Amino acid sequence: QANRLLDIVIIRQTKPTKPASTTKPAITTPVHTGEDQAHPGQSCKVIKTENPHGGSGLYWINPDGGKVFQAYCDQEFDGGGWTLVYSYKFTNYL
């Protein structure tokens, strides 16, 4: 009876194992400064410096270490790094 138990253990040890997975791990794209709320830039200028190929658009900024918010950054005019603080469209067409 002791030999039979040993045979069972040996059979279990030599049982073929499942082949390794052939799927590739997911590739994550690195997040650039200002692209999401968790990675805000201090300013549009800082975002331009850290991501020189990023275009104009909305970015997340945190200028004073307080609340994070979105701002429009012009990254093209005169070297980029400009933050839009006010926009007005005249609509009185008399």
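Residues numbered from 1 in each chain as written. Predicted model: local features only at pLDDT ≥ 70, side-chain atom pairs only at ≥ 80, totals over all residues. Heavy atoms only, no water.

(A) Seen up close, the sheet that holds strand 2 (residues 69–74). Strand order in the open sheet made by the three strands is 1-2-3, with antiparallel pairing throughout. A strand with exactly one partner marks an edge of an open sheet, and here the two such strands are strand 1 (57–61) and strand 3 (82–83). As judged from the five bridges shared by strand 1 and strand 2, these two strands associate in the antiparallel manner. Across the sheet, Y59 pairs through a bridge with A71, a residue of strand 2. (Pairing = 2+ DSSP bridges. Helix = DSSP H or I, 4+ residues; strand = E, 2+ residues; numbered from the N terminus.)

(B) Structural context of a nonpolar patch on the surface. Taken together, the side chains of V85, Y86, Y88 and F90 present a nonpolar region at the surface, about 570 Å² in accessible area. By the element assignment, Y86 lies in the segment after strand 3. (Patch = residues over 30% accessible without salt bridge, like charges linked within 9 Å, V, L, I, M, F, W, Y side chains within 5 Å. Areas by Shrake-Rupley, 256 points an atom, 1.4 Å probe, with all protein chains shown as cover. Salt bridge = Lys/Arg side-chain N within 4 Å of Asp/Glu carboxyl O.)

(C) The arrangement of the pairing of strand 2 in detail. In terms of strand pairing, strand 2 meets strand 3 through two bridges, oriented antiparallel. Its bridge partner lying in strand 3, D74 is registered against W82.

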